[in-house]
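Geometric and topological summary
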Amino acid sequence: MQMMKIETPNNLDELINCLKNADSSSCLLGGGTDLIININNKKLYPNTIIDLSGVNELKEIKKNGSSISIGAGVTLTEVCENSFVKEKFPALAQATSQVGSTQIRNRATIAGNIGNSSPCADTVVPLMALNAKLKMLNGNGEYYHIPVDKAIKGSGKKNLKPNEAIIEIVIPYLKDTCSSAFYKIGSRKAVTISKLNGAVVVDINLNNTIVNAKVFLGSLGPKAFRSIMAEKVLMNKKPNKELLSEFQNILMKQVDEAIPGRGSQLYKRHAIKGMCEELFIRLFGESCIRGEI
Amino acid sequence: MEGGNQVELNMIVNGKKHNIDINPSDRLLDVLRDQLGLTSVKEGCGEGECGACTVIMNGDAVNSCTVLAIQARNKEIITTEGLEKNGELDELQKSFIRNGAIQCGFCTPGMLMSCKALLMKNPYPKEEEIRRAIEGNLCRCTGYTNIVKAVKDVVIR
């Protein structure tokens, strides 16, 4: 690999200094599971790498009054094994547990998944469905929040400016009546880029009726997006195998609208039916789709 | 740290402290294999997919081809060379041999480190946990069955 400069800030103040001097040939380094490979494959030629692994303020998961904050340096393993995340945000726990392999999850970070700017990024879909925001820091020492939906530029364009870094991912708590789920389809069961991924958040009342729904889909075009038509199908309905069938049909239509004429359209419009079934099982249980409720 | 110049790296490898000069762009794989002569650590793909370069860093299995060496500062690294103690192979290594979990041997160091990392965290893993621990380690020879059997054999004993 070519000669480059490494900066190793030990805290947020030192990070601000590094960001102040950063330009378009600087790269932020989290776990390195995308960046180091891209440098080695000569897809990227940074002059400067800012190594975030020494900034301890980025390594915590904090429960706040109305939200959870996941530090930019928290690994995917730490996220998916966190009991609070598993209980309150299963979609995020499921997404992080299905990225790569154990070795990759032990290093990779959510912030890196967003910063790497892939349209197939697995953590983006549940974060959008969960209304997550990014807490950012720039070279002027300014902190600010951006909704994940706004932060993602799409089409593989860089999501971050050269002089800014993600500090935390902030996710508001859901009502106790809400649940969430994520599913991905790849060419393998593990260590696979998603060909299709999706996240659903539902609010179900005491009559077992869906009173609110959010459906987000990824790997279906330049940017993960919200499927309003799928949400309308779920609203005010009870989850059962008939609803699953309607959900599958509307998402097939959604695929046709999202990627008309693409080579993968025929595959994805069928594969999404399987994804729907898995999402329903994760949200409502297997007995729901067997028609036992 | 100056660009183009060497930087200092302090880390503990297989129980021994090292203070070495590295290039800023070196990966942990490059330092372990080429500078420290720990040739159990192999570059199978350089893309974090095959797991042949797996080492244990502060208790976690990692692909050393995706770790920039400087990120290993002040950390403890274990490679296959560090499993042997006083000339005797680790129980896991003995179990791999006993259970036919090695054919060409290329994946074996990485496979051992993934399995060792699992057992360090979870001494009594179920089969699905063993399989999940090695999903990032490719083997073209064994079909994985004997590898899983070898780990189960250590658990039973």
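Treat the numbers as computed from the prediction; the structure is a model and nothing was measured.

**Observations concerning the overall build of chain A**
From N to C terminus, chain A includes 13 helices and 12 strands. Against the globule reference of 19 Å for 293 residues, chain A gives a C-alpha radius of gyration of 20 Å, in line with a compact fold. Each of the three principal axes of chain A carries a C-alpha extent, and together these read 60 × 45 × 30 Å. Looking at chain A as a whole, 56% of its 293 residues are labelled buried.

**Describing the interface of chain A and chain B**
Counting from both sides, the interface comprises 32 residues of chain A and, opposite them, 32 residues of chain B. At the boundary of chain A with chain B, the tally comes to 3 salt bridges. Measuring nitrogen to oxygen at the nearest pair gives 2.8 Å for the salt bridge that ties aspartate 51 of chain A to arginine 73 of chain B. Summed over the shared surface of chain A and chain B, the result is 14 residue pairs in polar contact (both at pLDDT 80 or more). Elements with a contribution of two residues or more to the side of chain A that touches chain B: strand 1 (5-7), helix 2 (35-40), strand 3 (48-51) and helix 6 (102-105) of chain A. When residues in the side of chain A that touches chain B are grouped by element, the largest group, 4 residues, is from helix 6 of chain A. Across the side of chain A that touches chain B, the residue classes tally to 11 nonpolar, 16 polar and 5 charged.

**Remarks on the sheet that holds strand 2 (residues 26-29) of chain A**
Residue and element names in this part refer to chain A. Within the open sheet, the 3 strands sit side by side as 1-3-2. Their pairing is parallel. Whereas interior strands pair on both sides, the edge strands pair on one side only; in this sheet they are strand 1 and strand 2. Across the sheet, the axes of successive neighbouring strands diverge by a mean angle of 25°, strand direction being ignored. The sheet contact formed by strand 2 and strand 3 spans 4 bridges and is parallel. Across the sheet, the residue bridging to leucine 29 is aspartate 51, located in strand 3.

**Describing the confidence of the model for chain B**
Predicted confidence across chain B gives a mean pLDDT of 96, with 97% of residues reaching 70 or more. This prediction of the complex comes with two scores: 0.95 for pTM and 0.96 for ipTM.

**Quick notes on a negative patch on the surface**
There is a patch of like negative charges on the surface, built from Asp13, Glu14, Glu57 and Glu60 of chain A. What makes glutamate 60 of chain A partly exposed here is its relative accessible area of 42%.

**Observations concerning the nonpolar core**
Residues and elements named next belong to chain A. Core analysis: the biggest nonpolar cluster contains 53 residues, and Leu92, Ile110, Leu127, Ile169 and Ile171 have the highest contact counts within it. With sequence-adjacent residues up to four places away left out, isoleucine 110 is seen in contact with Ile70, Val74, Leu76, Val79, Leu92, Thr96, Thr123, Leu127 and Ile169. Residues Ala213, Cys276, Phe280 and Ile289 belong to the second largest nonpolar core, which totals 35 residues.

**Details of the environment of valine 55 of chain B**
Residues and elements named next belong to chain B. Checked against the element boundaries, valine 55 lands in strand 3 (residues 54-57). Distance from valine 55 to tyrosine 124, taken between C-alpha atoms, is 21 Å for residues 69 residues apart in sequence. Those residues in contact with valine 55 that lie beyond four places of it in its chain are Leu28, Leu32, Val41, Asp60, Ala61, Val62, Ser64, Ile77, Ile78, Thr79 and Met113.

**Thoughts on the sheet that holds strand 9 (residues 178-185) of chain A**
Residue and element names in this part refer to chain A. Judged by pairing direction, the sheet is antiparallel, and its 4 strands sit side by side in the order 9-10-11-12 without closing on themselves. Bordering the open sheet on either side are strand 9 and strand 12 (225-226), each of which pairs with just one other strand. Bridge count between strand 9 and strand 10 (residues 196-204): 8 bridges; the pairing is antiparallel. Counted as the bridge partner of serine 180 is valine 201 from strand 10.

**Notes on helix 2 (residues 91-98) of chain B**
Because an α-helix packs 3.6 residues into every turn, residues spaced three or four apart end up facing the same way. Residues and elements named next belong to chain B. Taken together, the buried positions of helix 2 are Leu92, Gln93, Ser95 and Phe96. Buried residues of helix 2, viewed axially, fall in a sector of 160°; they line one side. Buried residues belonging to helix 2 abut helix 3 (108-121) and helix 5 (145-156). Where helix 2 begins, one side-chain oxygen reaches toward the backbone nitrogen of leucine 92, 2.9 Å away; that side chain belongs to aspartate 90. Backbone geometry just after helix 2 places glycine 100 at a positive phi near 65°.

**Notes on the pairing of strand 7 (residues 143-147) of chain A**
All names here are of chain A. Two elements, strand 6 (residues 133-138) and strand 7, share 5 bridges in a ladder whose sense is antiparallel. Counted as the bridge partner of leucine 134 is isoleucine 146 from strand 7. Between strand 6 and strand 7, which pair antiparallel and follow one another directly, the connecting turn spans 4 residues, one of which, glycine 141, has a positive phi of 80°.

**Digging into the pattern of salt bridges**
Inspection of every chain in the model, using the stated rule, returns 23 salt bridges over all chains. A salt bridge links arginine 27 of chain B to glutamate 43 of chain B; the shortest N-O distance between them is 3.0 Å. On the criterion of sequence distance, the pair formed by arginine 27 of chain B in the loop between strand 2 (16-22) and helix 1 (28-35) and glutamate 43 of chain B in the loop between helix 1 and strand 3 is long-range, its members being 16 residues apart. Relative accessible area serves as the criterion here: at 4%, arginine 27 of chain B is assigned to the buried category. Relative accessible area serves as the criterion here: at 38%, glutamate 43 of chain B is assigned to the partly exposed category. What you see here is one network of salt bridges that share partners, running through Arg105 of chain A together with Arg132 and Glu135 of chain B.

Scoring rules and cut-offs
- Residues numbered from 1 in each chain as written.
- Chains lettered and ligands numbered in written order.
- Predicted model: local features only at pLDDT ≥ 70, side-chain atom pairs only at ≥ 80, totals over all residues.
- Heavy atoms only, no water.
- Helix = DSSP H or I, 4+ residues; strand = E, 2+ residues; numbered from the N terminus.
- Rg over C-alpha atoms; globule rule 2.2 N^0.38 Å.
- Buried < 20%, exposed > 50% of the residue type's maximum accessible area, 1.4 Å probe, protein only.
- Contact = heavy atoms within 4.5 Å.
- Salt bridge = Lys/Arg side-chain N within 4 Å of Asp/Glu carboxyl O.
- Polar contact = N/O pair within 3.5 Å; in protein donor to acceptor, adjacent residues only side chain to side chain.
- Nonpolar A, V, L, I, M, F, W, Y, C, P; charged D, E, K, R; others polar.
- Pairing = 2+ DSSP bridges.
- Axes fitted to C-alpha atoms, helices over the stretch in contact; angles between N-to-C directions.
- pLDDT = per-residue confidence, 0-100.
- Patch = residues over 30% accessible without salt bridge, like charges linked within 9 Å, V, L, I, M, F, W, Y side chains within 5 Å.
- Areas by Shrake-Rupley, 256 points an atom, 1.4 Å probe, with all protein chains shown as cover.
- Lys, Arg positive; Asp, Glu negative; His and termini not counted.
- Charge placed at Lys NZ, Arg CZ, Asp CG, Glu CD.
- Core = buried A, V, L, I, M, F, W, Y, C linked by side-chain atoms within 4.5 Å.
- Arc of directions from axis to C-beta.

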